[in-house]
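# Overview (structure and organization)
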Amino acid sequence: MARLKELKQKVVESQLWRSMFRHDYLDTPRNRVLQIMANVWLHLHPPKIRRHAIKIRFTWCMGGITFLMFLSTVITGVILMFYYRPVAEYAFADMKYLEFDVPFGMIVRNMHRWAAHGMVITVWLHMFRVFMTGSYKPPREFNWVVGVILLTITLLLSFTGYLLPWDQLSIWAVTVGTNMARATPLLGSEGPFAQVVGVTPRYDARAFLLGGTLVGPPTLLRFYVLHCIFLPILASLLMIVHFWRIRKDGGISGPM
Amino acid sequence: MAEAKEGPGAAKRMTQPAAATKPAVADRVHVWPYLVRSEFICTIIVGVILTVWSITIDAPLEEPANPTQTPNPSKAPWYFLGLQEMLVYFDPWFAGVVLPSLIIVGLMVIPYIDINPKGNGYYTFKERPFAIATFLFGFIFLWVSLIITGVFFRGPGWNLFWPWETWDPHMVIALVNVDLPAWGPFKWLGNPKIFGAEVIGLVLIVLYLSTAVIFYYWKRDTNETIRQLGPVRYGIIAVLFLTMMGLPLKILLRLAFNIKYVWVTPWFNI
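Numbers given for residues are sequential positions, taken from 1 along each chain in its written order. Here every chain gets a letter starting at A, and every ligand a number starting at 1, in the order they are written. Residue-level local features of this predicted model are given only where pLDDT is at least 70; pairs of side-chain atoms are given and counted only at 80 or more, and the full residue set underlies all totals for whole chains, interfaces and linings.

Quick look at the overall build of chain A now. When its secondary structure is counted, chain A shows twelve helices and one strand. Only runs of H or I of at least four residues qualify as helices and only runs of E of at least two qualify as strands under DSSP, and these elements are numbered from the N terminus. Each helix and strand of chain A, placed in order from N terminus to C terminus, yields the pattern α-α-α-β-α-α-α-α-α-α-α-α-α. In terms of its C-alpha atoms, chain A occupies a principal-axis envelope of roughly 85 × 55 × 25 Å. Residues are scored as being in contact if the C-beta atoms we place from backbone atoms lie within 7 Å. In chain A, of all internal contacts separated by at least 6 residues, the share reaching a separation of at least 24 is 61%.

This is the structure in structure tokens:
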């Protein structure tokens, strides 16, 4: 032990070490606070937190895991975008290319898919936990509303991504899912009061969503743009609000 | 906006933010290292699980997309199978558009209609039995169990199969469902010469919804909770609650009595 301490002393006092780290780190309350406040990534946290709030039994860590899942899909998603073209002629071939030719392509795709499914589950569990602890109650009402919007965006992100492999599974799942839009009251060609409004299969809510009357190449491009640009940006903006509001609404909830 | 129109609850609410931000110094610990440490460990564990999962289980990829060949059954992504399952019991405009919208809106208004100040920030069932029971019923019994049914128990023709049963695409299921106005005791009323068939359904649904109104006037003077809620909040809760309960009710009517629609009109059916 004494030898180890001696060695540490030697390393820490060497010119090389000193040139990299100008001063040592003392474990003082002030430094603990500075670690959080002076770090751009960590300063989302308050410097101090209520003791019960760090218990896994209370939070299940679900919000954090959801965010981690989101980050995983962003990183793997960007890599997938290098190899994938949202064109009906190429999309499926690119999936096969990713699967068999691209180094680690299959693992990246697997991670993207499983993290996305995981995110749907963790976001539900997060909502479940927040409801069970009554953490939507004043003053956190609005953050709950933001959370519900984020939940909806998570489902939409997952749903738009479902189409992109352009295989039988994806186009028929999306066909089933978007057929609902046809039945929208007033706006869908097969919905209640469609004749009164005069919407037709070519000009109704579903055609607007799909860019045609079928799940076809225009749909693929639409869903790709929504999946890779619009929805992630919207989700990120709302996440900023969501995290910020936790702090502003008095930190993580707990017994009064 | 929500603050403005609230009467008695407002005073109670305004005191809460102050209580939430009240410094309880003795009860606080440093985020560095106590929270950051847990987050770090959690990240590593989840990262390892995700990596191992991704190495061992491949994401599905079927035949290339073919718009001319419809698979049977065509299933939506698993997280929407609860919605697809509702299509068995309601028409698409209701199961696919109205109900999902009401789920989202209903979730959003929860903090504004639940004015019970107790149970804020800790686990309790005793102090908010109605809120928790309703949420558990909606989330576990309706949403999750319908998803499980859709994922594991639905086969060709959207017929029910056990997971170990082989899917028989030619299974014949007799369609014996009838509309409520043409069923049993309502049959004689359903004669369009006496009543329009649509009037029966309208009356039944108005009766169903009016239970909430009757309950309101019956309990208003004796029940403190209902008095505090006020007519607007109570009305929102009642509509959302009765709509939610409409689903298990319709499931029951369909499975036990083969009722197809309760309310039949030329424009829409429920």
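On we go from here.
It is worth spelling out the overall build of chain B at this point. From N to C terminus, chain B includes seven helices and one strand. In sequence order, the secondary structure elements of chain B are arranged as α-β-α-α-α-α-α-α. Put simply, 60% of the contacts in chain B that link residues at least 6 apart link residues at least 24 apart.

A separate point is the interface of chain A and chain B. With 75 residues of chain A in contact, the opposing surface of chain B contributes 66 residues. Mapped onto the side of chain A that touches chain B, the elements with two or more residues apiece are α3 (29-37), β1 (48-50), α5 (62-83), α6 (88-100), α7 (105-132), α8 (141-163) and α9 (168-179) of chain A. It is α7(A) that contributes the most residues to the side of chain A that touches chain B, twelve residues altogether. Tallied by class, residues from the side of chain A that touches chain B come to 44 nonpolar, 20 polar and eleven charged. Note on pairing: two strands pair once DSSP finds at least 2 bridges between them. As judged from the three bridges shared by β1(A) and strand β1 (residues 28-30) of chain B, these two strands associate in the antiparallel manner. In the sheet register, A:I49 faces β1(B), and the bridge partner there is B:V29. Classification convention: Asp, Glu, Lys, Arg as charged; Ala, Val, Leu, Ile, Met, Phe, Trp, Tyr, Cys, Pro as nonpolar; all other residues, Gly among them, as polar.

This part covers the environment of A:L151. Residues and elements named next belong to chain A. Of note, L151 is situated in helix α8. Exposure remark for L151: the 18 C-beta atoms within 10 Å place this residue in the partly exposed category. In this structure, the C-alpha to C-alpha distance between L151 and Y136, residues 15 residues apart in sequence, is 15 Å. When near neighbours in sequence (up to four residues on either side) are disregarded, L151 contacts V123 and M127. A residue is called partly exposed when the number of other C-beta atoms within 10 Å of its own lies between 12 and 20, exposed at 12 or fewer, and buried at 20 or more, with C-beta atoms placed from the backbone.

It is worth spelling out unusual backbone geometry at this point. Between B:W32 and the following residue, B:P33, the backbone shows a cis peptide bond with an omega angle of 10°. Note on placement: B:P33 falls in helix α2 (residues 31-56). Residue B:P73 is reached from B:N72 by a cis peptide bond, and omega for that bond is 0°. Mapping B:P73 onto the fold places it in the loop between α2 and α3 (81-86). Unusually for a residue other than glycine, A:C61 sits at a positive phi of about 60°. Mapped onto the elements, A:C61 comes out in the loop between α4 (56-59) and α5. Even without being a glycine, B:N258 presents a positive backbone phi close to 55°.

With that out of the way, let us pick up the domain arrangement of chain B. Residue and element names in this part refer to chain B. Domain assignment breaks chain B into domain 1 (28-59), domain 2 (74-167) and domain 3 (174-270). On the domain 3 side, the residues contacting the 14 residues of domain 2 number 16 residues. Of all elements in the fold, only α4 (92-113) and α5 (129-152) reach the threshold of two or more residues within the side of domain 2 that touches domain 3. Broken down by element, the side of domain 2 that touches domain 3 gets its largest block of residues, six residues, from α4. These domain boundaries are the output of an automatic or database domain assignment.

Tracing the backbone shows A:K137 in the loop between α7 and α8. For the pair A:K137 and A:T73, spaced 64 residues apart in the sequence, the C-alpha separation amounts to 31 Å. A:K137 has contacts with B:P111 and B:N120, leaving out every residue within four places of it along the chain.

Right, let's talk about helix α1 (residues 2-13) of chain A for a bit. Expected helix span is given by 1.5 Å per residue-to-residue step, counting one fewer step than there are residues. With twelve residues, α1(A) should reach 16 Å at 1.5 Å per residue; the first-to-last C-alpha distance of 17 Å fits that figure. Counting buried positions over the twelve residues of α1(A) gives zero, only a small fraction of the element.

Residues and elements named next belong to chain B. When the terminal C-alpha atoms of helix α7 (residues 224-257) are compared, their 39 Å separation across 34 residues is substantially less than the 50 Å that a helix rising 1.5 Å per residue should span. Of all the bends in α7, the largest measures some 105° and sits at G230, one to four residues before the proline P231. When we look at burial in α7, the residues that qualify are L229, Y234, I237, L240, G246 and K250. N258, located one to two residues past α7, shows a positive phi value of around 55°. Bend, in this description, refers to the angle at a residue between axes fitted to the seven residues ending there and the seven starting there.

Once that is clear, we can look at the nonpolar core. A:M119, A:L163, A:W166, A:I171, A:A173, B:M86 and B:A95 are the most contacted members of the largest nonpolar core, which has 65 residues in total. The greatest single-element share of this core, amounting to ten residues, is contributed by α7(A). Ignoring anything within four residues of it in the chain, the contact list for A:A173 reads A:Y162, B:K75, B:A76 and B:P77. Put simply, a nonpolar core is a cluster of buried Ala, Val, Leu, Ile, Met, Phe, Trp, Tyr and Cys residues tied together by C-beta atoms within 7 Å.

Once that is clear, we can look at the packing of α5(A) against α2(B). Between α5(A) and α2(B), whose axes approach to 11 Å, the crossing angle comes to 50°. Between α5(A) and α2(B), the crossing angle belongs to the class labelled oblique. By crossing handedness, the relation of α5(A) to α2(B) is classed as right-handed. The residues of α2(B) that touch α5(A), namely those facing A:G64, A:I65, A:L68 and A:S72, are B:E39, B:C42, B:T43, B:V46 and B:L50. A class-by-class count of the residues in the contact of α5(A) with α2(B) yields five nonpolar, three polar and one charged. In this analysis an axis means a line fitted to C-alpha atoms, helices contributing only their contacting stretch, and an angle means the value between N-to-C directions, from 0 to 180 degrees. Throughout, the term roughly parallel applies to angles under 35 degrees, roughly antiparallel to angles over 145, roughly perpendicular to angles from 65 to 115, and oblique to all others. The crossing is said to be left-handed when, going from far helix to near helix, the turn is anticlockwise and less than a right angle, and right-handed when the turn is clockwise.

Looking now at the confidence of the model for chain B. A low pLDDT means the predicted coordinates there should not be read in detail. Residue and element names in this part refer to chain B. pLDDT expresses how confident the predictor is about each individual residue, on a scale running from 0 to 100. For chain B, per-residue confidence averages 85 on the pLDDT scale, and residues scoring 70 or more make up 86% of the total. With pLDDT under 50 throughout, residues 1-19 is counted as low confidence; its partners more than four residues away or in other chains account for 13 contacts. Predicted complex metrics record ipTM = 0.90 and pTM = 0.89.

The axes of two packed helices give the description: the angle between them and the distance between them. Residue and element names in this part refer to chain B. Viewed as axis vectors pointing N to C, α4 and α7 meet at an angle of 145°, and their least axial separation amounts to 11 Å. Like other packed secondary-structure pairs, α4 and α7 cross with a definite hand, here left-handed. Counting all contacts with α4, which are made through L102, G106, V109 and I113, the residues of α7 involved are R233, I236, I237, L240 and T243. Split by residue class, the contact of α4 with α7 holds six nonpolar, two polar and one charged.

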